[in-house]
Amino acid sequence: MDSMNLKKLLLIPMLFTSLSAKELLNDFQKAMDNSTTKGELSLLNDNGKLKDKAYETALIYGNLHFESSNKAALQLGLTMEALIPTYNGKQRNALGHLDPENQSVEILSEAYLKFIDDRNFLTFGRQIIDTPLLNSDSTALISQSYNGYLYEYKVNSDTFFLLGHMNQFHLNNSETFSAISAKGRAKQGISFIGSEDVQENGLSTKLYYYYSKELYDAFFLQMDKIWSFKTSKLLMGFQNINTAKNHQSKNLIANHADTHITGIRVGLKTGGFSTVILASQNSANAALNQGYGGLSHLYLNSLIGNLQHDGEYQSVGVKLHYDFRAFGWDNLDSTFLYKETKYQDNPLLNSKSNYFTLHYDKSKEGGLYFDIEGVTYENQKSDSLARARYTLKF
């Protein structure tokens, strides 16, 4: 970037900061002097069965994240990720972690400049974002990331507003950014506006609207309420996802009918144990497990059984969670999710899923994670995944 382009770029934050270009550059130099670098290294083994074919793979995943100080008005961030297969197992790319030729993936997934002024944050460039229908995908290894801009206004740590536009997309098994999103070509990008809020009375709200001229628009609403008592907590939640203005164009990877998903959950937590009953219904003909990129934030998400098939469905489940703090193991917790899904027009897709996790997680140091899921279909076919992962953070 030459000096002329840098001066043009510096005009952007000057719209909402009182610093001159020279002061901003000096401030940036101080931020670089107080930068931080952190990383992660994981050893991972996947094995199971997908579409009646057994698979097994062992992988090494690593990332390195550099970020200058967030106390300055101008912040630089870089994230490098790599995924390397360690041996040629059976159907080793069954889950699509590697590139189409079953090779390793290396990607500069983040390269951004962030302008900071009090409660205002404006980020340009490659970035990993976390919104309900555009996110990194919690089930993937390499993050899905995006190129564009994101403006955030933070009222406080629990309440913020977002405005963004992403015009290039990086899928988690690719080494490039392009106009191809998870749902199809979007040369003019995807714009969104959203807000999230958590109140002291236990009410939390997420509200987002997405616009894509070449694909479709989407609306996401989630409201959860927690009532706290002396020894327990009661949870109730509601979720609604709708897509509209389906353009049925050549840009879509598949013919995408509109989606109308409604979800509810009711739960009770006592001590370290919680029970949540969940239900979801899609009254339209298309699934939305991916949104535009990443994994949609649905109540009934798991590891591989994520309502990915098109068609009207009803899904119910129960989730049990236990943390072992009562035994002095503050970093150990376990989850079990059982769910049944029925499709109105294609009974062969009806399924029953069992998902179990056991995680020992020391957030600043790493951890050991076990995840097992089995999905059995009406036609007696089944999918399964057993994942073991050891992570070291530095």
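For clarity, every value in this text was computed on a predicted model and none was experimentally measured.

Undergrad: Where do I start with the overall build of the chain in this structure?
TA: Of the regular secondary structure elements, the chain holds 2 helices and 18 strands. In the chain, 56% of the contacts between residues at least 6 apart in sequence involve partners at least 24 apart. Per element, the accessible surface of the chain, about 19,900 Å² overall, is 55% carbon and sulfur.

Undergrad: Even after reading the chapter, I still don't get unusual backbone geometry, so can you show me in this structure?
TA: Keep in mind that most residues, glycine aside, have a negative phi and that most peptide bonds are trans. Positive phi outside glycine occurs at D118, with the angle close to 60°. Looking at the element boundaries, D118 is found in the loop between β4 (105-117) and β5 (120-127). According to the relative accessible area criterion, D118 is exposed, its value standing at 65%. The phi angle at D137 is positive, at roughly 80°, despite the residue not being glycine. Along the polypeptide, D137 turns up in the loop between β5 and β6 (145-156).

Undergrad: So what exactly am I meant to see when it comes to the nonpolar core here?
TA: Across soluble globular proteins, nonpolar side chains have a tendency to be buried as a group. Grouped together as the largest cluster of nonpolar side chains are 25 residues, with contacts concentrated most on I129, L134, M166, I190, F192, Y210 and Y292. Within the residue set of this core, elements represented by two or more residues are β6, β7 (159-170), β8 (190-198), β9 (203-211) and β10 (217-228). With 4 residues, β7 is the largest single contributor of residues to this core. Dropping the residues within four chain positions of it, M166 is found in contact with Q127, I129, Y146, N147, G148, Y149, L150, G189, I190 and F192.

Undergrad: Please explain the packing of aromatic side chains as it appears in this structure.
TA: The geometry of an aromatic ring pair is captured by two quantities: the separation of the ring centres and the angle between the planes. A full pass over the atoms with the stated rule returns 12 aromatic pairs. Measuring from centroid to centroid gives 5.6 Å for Y210 and Y292, while their planes differ by 40°, and the two rings are tilted. One end of the pair, Y210, is in strand β9; the other, Y292, is in the loop between β13 (273-282) and β14 (313-323), and 82 residues separate them in sequence. For Y210, a relative accessible area of 0% translates into the label buried. Measuring from centroid to centroid gives 5.0 Å for Y322 and F324, while their planes differ by 90°, and the two rings are edge-to-face. Looking at Y322, the relative accessible area reads 24%, which means it is partly exposed. Taken together, the aromatic side chains of F192, Y208, Y210, Y216 and Y292 make up a single cluster linked through ring pairs. Above the plane of the ring of F121 lies K154, whose end atom (NZ or CZ) is 5.3 Å from the centre.

Undergrad: Looking at this model, I keep getting lost on the pattern of salt bridges. Mind explaining?
TA: Pairing is possible between side chains of opposite charge, provided their charged atoms come close. Summed over all chains, the structure comprises 4 salt bridges. Put simply, D46 and R387 hold a salt bridge, and the shortest N to O gap is 2.9 Å. Remark: R387 occurs in strand β18 (residues 382-393) and D46 occurs in strand β1 (residues 36-50); sequence separation between them is 341 residues. R387 carries the same exposure label as D46, and that label is buried.

Undergrad: How do you make sense of the environment of R126 when you look at a structure like this?
TA: Here R126 lies in strand β5. Taking the C-alpha atoms as reference points, R126 and T79, 47 residues apart in sequence, are found 9.3 Å from one another. If we ignore the near neighbours within four places in the chain, the residues touching R126 are I107, L108, S109, E110, A111, Y112, Y146, N147 and F177. One polar contact links the side chain of R126 to the main-chain carbonyl oxygen of L108, over a distance of 2.8 Å.

Definitions and cut-offs
Residues numbered from 1 in each chain as written. Predicted model: local features only at pLDDT ≥ 70, side-chain atom pairs only at ≥ 80, totals over all residues. Heavy atoms only, no water. Helix = DSSP H or I, 4+ residues; strand = E, 2+ residues; numbered from the N terminus. Contact = heavy atoms within 4.5 Å. Areas by Shrake-Rupley, 256 points an atom, 1.4 Å probe, with all protein chains shown as cover. Buried < 20%, exposed > 50% of the residue type's maximum accessible area, 1.4 Å probe, protein only. Core = buried A, V, L, I, M, F, W, Y, C linked by side-chain atoms within 4.5 Å. Phe/Tyr/Trp six-rings, centres within 6.5 Å; stacked < 30°, edge-to-face > 60°. Lys NZ or Arg CZ within 6 Å of the ring centre and 35° of its normal. Salt bridge = Lys/Arg side-chain N within 4 Å of Asp/Glu carboxyl O. Polar contact = N/O pair within 3.5 Å; in protein donor to acceptor, adjacent residues only side chain to side chain.

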